[in-house]
Amino acid sequence: MKEHSIEKIRNIGFVAHIDAGKTTTTERILYYTGRIHRIGEVDEGTATMDWMEQEKERGITITSAATFCRWKDCEINIIDTPGHVDFTVEVERSLRVLDGCVVIFDGVNGVEPQSETVWHQADKYKVPRLIFVNKLDRTGADFDFVIEHIKKRLNVKPIPIQIPFGKGSDFSGVIDLIKEKLYLWPSESETNIEVEEVPEEYKDIVKKLREKIIEQLSEIDENLMSKFVHNESIDIKEVNSAIRKATISCKYFPVLCGSSLKNKGIQPLLDAIVEYLPSPVDIPPVKGINPLTEKEEIRKANENEAFSALAFKVQIDPYIGRLVYLRVYSGKILTGSAIYNSRRNKNERISKILRMHANIKEEVKKMQAGDIVAVAGLKNTFTGDTLCDRKHPISFEQIHFPEPVIWVAVEPKTKAEQEKLSYALSKISEEDPTFKLRVDNETGQTIIAGMGELHLDIVVDRIKREFKVDARVGKPQVAYRETIYTKVQEEAKYIKQTGGRGQYGHVCLELEPYNNGFEFVNKIKGGAIPIEYIPAIEQGVKEGMESGPLAGYPLINVKVTLVDGSYHEVDSSDLAFRIAARTAVIEGAKKANPVLLEPVMKLEVITPEEFIGDIISDLNARRGRIKEMESKGNLYFIYGFVPLSEMFGYATVLRSLSQGRAIYNMEPAHYEEVPKAIAESLISPVVV
């Protein structure tokens, strides 16, 4: 691994809706930077980044893959992410550790549902973005439509720094509005660019658009504003500097264009990645909490600072075993070094440091600030954990993942394979934080839950291929949840005397509604309960939330505060406090006005005009809510929300309603209270 200055590192990702061309674009970038010597194709199953068997067969990306390349004098670490909504966890955890990303939009369809979702995910982590409008060689591609769609649907300010030269099958190059040059790719397989002057018929529009760019940028750059107002000449360096500033601040988003499949527009995109996206030192220092002082601290992107890194992915490798992917924020560390997991209070040792190129590994001796690497040897580290120097501990904010929306029962075909199935499921759940498993106490069945039918199909396929277990799978079911609407305080004691040492645990918990999943707060003052018992109490709280009071579904959106309690110097134990906490949550939830929740999906239906009435009537019958509609030519786009429980088999119904001409996209949006009549039918079978 070559030594590189941290200012020359770019940690980027490609994100988009499914089929917008992320993996195809990544393949071209790897080819043009000399990282690979033959371009792989997604449709042929030869793409470098889609290395899993399931990815090759289905022609989709399932897991985020990391690689690296060099362009000009910069080291570019790339994460290629899936576009399918079922694998949105891969996008979430990638964006958490990236310094910048390229959002790819389809030149025909513009802003699609998953591209909207990933945009908002990038907003959450304040990730600077470039926009790449792809597939401009397709019939119906419209660059101006995509720009307007971005403004309307995402409510942001795109700055087109290129425009396409030619439309549809006549698309042959791009015009750079900053340099005022035409880039042509005369042949699809051509790696060389022909640089020409802007054609006469385009000169006026290019001049007008360039002035508009400078006018927009002058809002955030005083030097540019002064020159613009006084009609002074502005050189390319000054414009590029202002674009970089605007991009890093997330106030504006430069737009480039091309056709990745036809090898057009890739080199200028690489130039823009290097020119406009930030290095690790260009973004604010990462913040965390010191677990000893409970005060906020920062870590600068500098190899002389104390070591800190975030684990963002776990992968089970058939040859090396457990690989943990890390983004290093500060400091440096060598192979064989000891490392501290501040979240789990565990010491770990690094046996190998690897740079990944999809599934190909390159062993290196050290990692330093700005690097994205995989490490072997970490036994107790999971997604979202912080690794640091024991003498300078810090804990970064964890990565939050959505709740599963669908579940199925799974069982081995033979009793002898039960142990192998349990092992396979536990390994997959280590890798995937949105995949959950539990054993139903009444039926003894193993229940697996995930983000959609495709997600669980892939899990079952992996069990069969990787772990050689044949499994029977039940019908998909909706993953209902429960929550509470009122604040309550509940006290619970667990006391047991058996002649020798007994058991004693006493807690007083406050349960209240909470909008952001689950939070446990310790407000014990003056040592009413010793600090060593607090983790056991938190564990008991989590156990109590696994089964709600109405129908046994897990509780979500609850904040639990430990306000009081007591202990016995001899009899108190972790077990006693865990049981007391679990009991307090179970009893408290019954009194806190519990309600049943169901997953609601965000829906987009694209249909010819003549079928719109039947489709809307059908959605209304499914308890759907139409949010808005828009048209493009003869096509209508219907946007709305609908409960997942009403959407099983919808693909067949939609085909029938539209003679096979309408399509739909669906993704999890949020949980909502189930209407009373439906809730009663779901609760009563459990109560009887």
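Here the structure is a predicted model, which means the values were calculated and not measured.

Draft legend 1. Structural view of the overall build of the chain. In terms of regular secondary structure, the chain is built from 16 helices and 38 strands. A compact globule built from 688 residues should have a C-alpha radius of gyration of about 26 Å, and the chain, at 27 Å, falls within 12% of that. A burial count over the chain gives 55% of its 688 residues as buried. Counted over contacts in the chain with a minimum sequence separation of 6, partners at least 24 positions apart contribute 72%. About 30,700 Å² of surface is accessible on the chain, with carbon and sulfur atoms providing 49% of the total. The chain carries 91 positive and 103 negative side-chain charges, and their two centres are separated by 4 Å.

Draft legend 2. Here's a closer look at the sheet that holds strand 31 (residues 488-496). An order of 31-32-34-33 is seen for the four strands of this open sheet, with the pairing classed as mixed. Sheet topology places strand 31 and strand 33 (518-522) at the edges, where each strand pairs with a single neighbour. Recorded for the sheet is a direction-independent mean angle of 25° between the axes of neighbouring strands. Taken strand by strand, helix 12 (residues 534-544) contacts strand 32 (503-513), strand 33 and strand 34 (558-566), and its axis lies near 150° from that of strand 33. Helix 13 (residues 574-591) contacts strand 31, strand 32 and strand 34 of the sheet and is inclined by roughly 35° relative to strand 32.

Draft legend 3. Highlighting the packing of aromatic side chains. Per the stated rule, a full pass over the model turns up eleven aromatic pairs. Seen from their ring centres, Tyr650 and Tyr664 are 5.1 Å apart, and the 85° between their planes marks the pair as edge-to-face. Of the two residues, Tyr650 sits in helix 15 (residues 650-658) while Tyr664 sits in strand 38 (residues 663-673), which places them 14 residues apart along the sequence. Grouping aromatic residues by their ring pairs yields a cluster made of Phe105, Trp119 and Phe253. Taking the ring centre of Tyr639 as reference, the NZ or CZ of Arg153 above it sits at 4.0 Å. The residue whose ring lies beneath Lys313 is Tyr325, and the NZ or CZ to ring-centre distance is 5.9 Å.

Draft legend 4. Local environment of the environment of Cys388. Structurally, Cys388 can be placed in strand 23 (residues 386-388). Expressed as a C-alpha distance, the spacing of Cys388 and Tyr340, which sit 48 residues apart in the sequence, is 5.3 Å.

Draft legend 5. Just helix 7 (residues 222-229), in detail. With a side-chain oxygen positioned 3.2 Å from the backbone nitrogen of Asn223, the residue opening helix 7 is Asp221. Just downstream of helix 7 lies Asn231, where phi reads positive at about 55°.

Draft legend 6. Geometry of the nonpolar core. Residues Phe14, Ile29, Ile76, Phe105, Leu217 and Ile273 are the most contacted members of the largest nonpolar core, which totals 77 residues. Looking at this core element by element, the count peaks at seven residues for helix 9 (residues 266-276). In contact with Phe14, not counting residues within four places along its chain, are Lys22, Thr25, Thr26, Ile29, Ile78, Ile79, Asp80, Thr81, Val102, Ile104, Leu269 and Ile273. Trp407, Leu421, Ile428 and Ala471 belong to the second-largest nonpolar core, a separate cluster that totals 36 residues.

How each quantity is defined
- The numbers attached to residues start from 1 for each chain and follow its sequence in the written order.
- Reporting in this predicted model follows two pLDDT cut-offs: at least 70 for local features of residues, and 80 or more for side-chain atom pairs to be given and counted; totals over whole chains, interfaces and linings ignore these cut-offs and use all residues.
- Computation of side-chain values: all heavy atoms of the structure, hydrogens and water removed.
- Comment: elements are numbered from the N terminus, with helices defined as DSSP H or I runs of at least four residues and strands as E runs of at least two.
- All radius of gyration figures rest on C-alpha atoms, and the globule criterion is 2.2 Å times the number of residues raised to 0.38.
- Relative accessibility decides the category of a residue: with a 1.4 Å probe and only protein chains considered, values under 20% of the type maximum give buried, values over 50% give exposed, and everything between is partly exposed.
- We call two residues in contact whenever any of their non-hydrogen atoms come within 4.5 Å of each other.
- Shrake-Rupley sampling with a 1.4 Å probe provides the accessible areas, and residues are treated as covered by the protein chains on show and by no other component.
- Charged residues are defined here as Lys and Arg on the positive side and Asp and Glu on the negative side; His and the ends of the chain fall outside this count.
- Charged side chains are reduced to one point each, which is NZ for Lys, CZ for Arg, CG for Asp and CD for Glu.
- Two strands qualify as a pair provided that DSSP identifies no fewer than 2 bridges between them.
- To obtain each axis, a line is fitted to C-alpha atoms, and for helices this fit is confined to the stretch in contact; angles are then taken between N-to-C directions over 0 to 180 degrees.
- Working definition: rings of Phe, Tyr and Trp (its six-membered ring) pair if their centres are within 6.5 Å, and the pair is stacked with planes under 30 degrees apart, edge-to-face with planes over 60 apart, and tilted otherwise.
- Only when the NZ of Lys or the CZ of Arg is both within 6 Å of the ring centre and within 35 degrees of the ring normal is a charge said to sit over the ring.
- What qualifies as a polar contact is a pair of N or O atoms within 3.5 Å, subject to a donor-acceptor requirement within protein and to the restriction that residues adjacent in sequence count only when both atoms come from side chains.
- We define a nonpolar core as any set of buried Ala, Val, Leu, Ile, Met, Phe, Trp, Tyr and Cys residues linked to one another through side-chain atoms lying within 4.5 Å.

Scope: geometric values only; no functional claims are made or implied.
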